[in-house]
Amino acid sequence: MKLQSALLTASLICLPVLPALAQTSAPAAAAPTATVPVPATKRVTCLATTASLKGQDKRDQLQLCLAQARLDCLKQAIDQKIVGEARKSFIKTCVGGDAPEPQ
């Protein structure tokens, strides 16, 4: 009887400690990493899709892809009723800037 009583007492003493132990390990596992995923711009997507092509075919496909990206961004700006300089800036940001395309 004393053994059962001792085990019961020991288990009751340890019960409040278990959640505390579980919580101390959880934040370390859930800690955010230093790298935050950044969405690829449409320009980067176009460059990636034309990477396997060469020469004039690559230039043509890249130009078509970027034109479609600009059109998509313009439609988005119109839907959001963005006008003036804000629209111009929005489209540049949406497409991915005006960096020259690699030849």
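Residues numbered from 1 in each chain as written. Predicted model: local features only at pLDDT ≥ 70, side-chain atom pairs only at ≥ 80, totals over all residues. Heavy atoms only, no water.

Brief notes about the environment of Leu62
Examined against the element boundaries, Leu62 turns out to sit in helix α4 (residues 55-79). Taking C-alpha positions, Leu62 is 8.3 Å from Thr49, a pair spaced 13 residues apart along the chain. (Helix = DSSP H or I, 4+ residues; strand = E, 2+ residues; numbered from the N terminus.)

Focus on the packing of helix α3 (residues 42-49) against α4
Remark: α3 packs on α4, axes separated minimally by 9 Å, with the N-to-C direction vectors making an angle of 155°. What the angle tells us is that α3 and α4 run roughly antiparallel. α3 and α4 meet at a crossing whose hand is right-handed. Between α3, through Lys42, Arg43, Cys46, Leu47 and Thr49, and α4, the contact on the second element is made entirely by Leu62, Cys65, Leu66, Ala69, Asp72 and Cys73. Looking at side-chain class alone, the contact of α3 with α4 contains seven nonpolar, one polar and three charged residues. (Axes fitted to C-alpha atoms, helices over the stretch in contact; angles between N-to-C directions. Parallel < 35°, antiparallel > 145°, perpendicular 65-115°, else oblique. Left-handed = near helix turned anticlockwise from the far one by under 90°. Contact = heavy atoms within 4.5 Å. Nonpolar A, V, L, I, M, F, W, Y, C, P; charged D, E, K, R; others polar.)

Side note on the packing of α4 against helix α5 (residues 84-95)
The packing of two helices is summarised by the inter-axis angle and the distance between the axes. Between α4 and α5, the least distance of the axes is 9 Å, while the angle of their chain directions is 135°. Taken together, the axes of α4 and α5 lie oblique to each other. Crossing handedness for the pair α4 and α5: right-handed. Along its contact with α4, which presents Ala69, Arg70, Cys73, Leu74, Gln76, Ala77 and Ile78, the element α5 presents Arg87, Phe90, Ile91, Cys94 and Val95. Residues of the contact of α4 with α5, tallied by class, amount to nine nonpolar, one polar and two charged.

Comments concerning the state of the cysteines
In the structure shown here, the tally under the stated rule is two disulfides. Counting only the cysteines that take part in disulfides, in the order they occur along the protein chain, gives the pairing 1-2, 3-4. (Disulfide = S-S within 2.5 Å.)

Considerations on α5
With twelve residues, α5 extends 17 Å from end C-alpha to end C-alpha; this agrees with the ideal 16 Å at 1.5 Å per step. Looking only at α5, the buried set comprises Phe90, Ile91, Cys94 and Val95. Projected down its long axis, α5 carries its buried residues within an arc of 115°, all on one side. Facing away from the buried side of α5 by over 90 degrees, the exposed positions are Glu85 and Thr93. In this structure, the buried residues of α5 make contact with α3 and α4. (Expected span 1.5 Å × (residues − 1). Buried < 20%, exposed > 50% of the residue type's maximum accessible area, 1.4 Å probe, protein only. Arc of directions from axis to C-beta.)

Some thoughts on the confidence of the model for the protein chain
When pLDDT is averaged along the protein chain, the result is 75; 56% of the residues meet or exceed 70. Of all secondary-structure elements in the protein chain, the lowest mean pLDDT belongs to helix α2 (residues 17-30), at 50, while α4 reaches the highest, 95. Counting interchain partners and residues more than four positions distant, the pLDDT-below-50 stretch residues 25-29 has zero contacts. (pLDDT = per-residue confidence, 0-100.)

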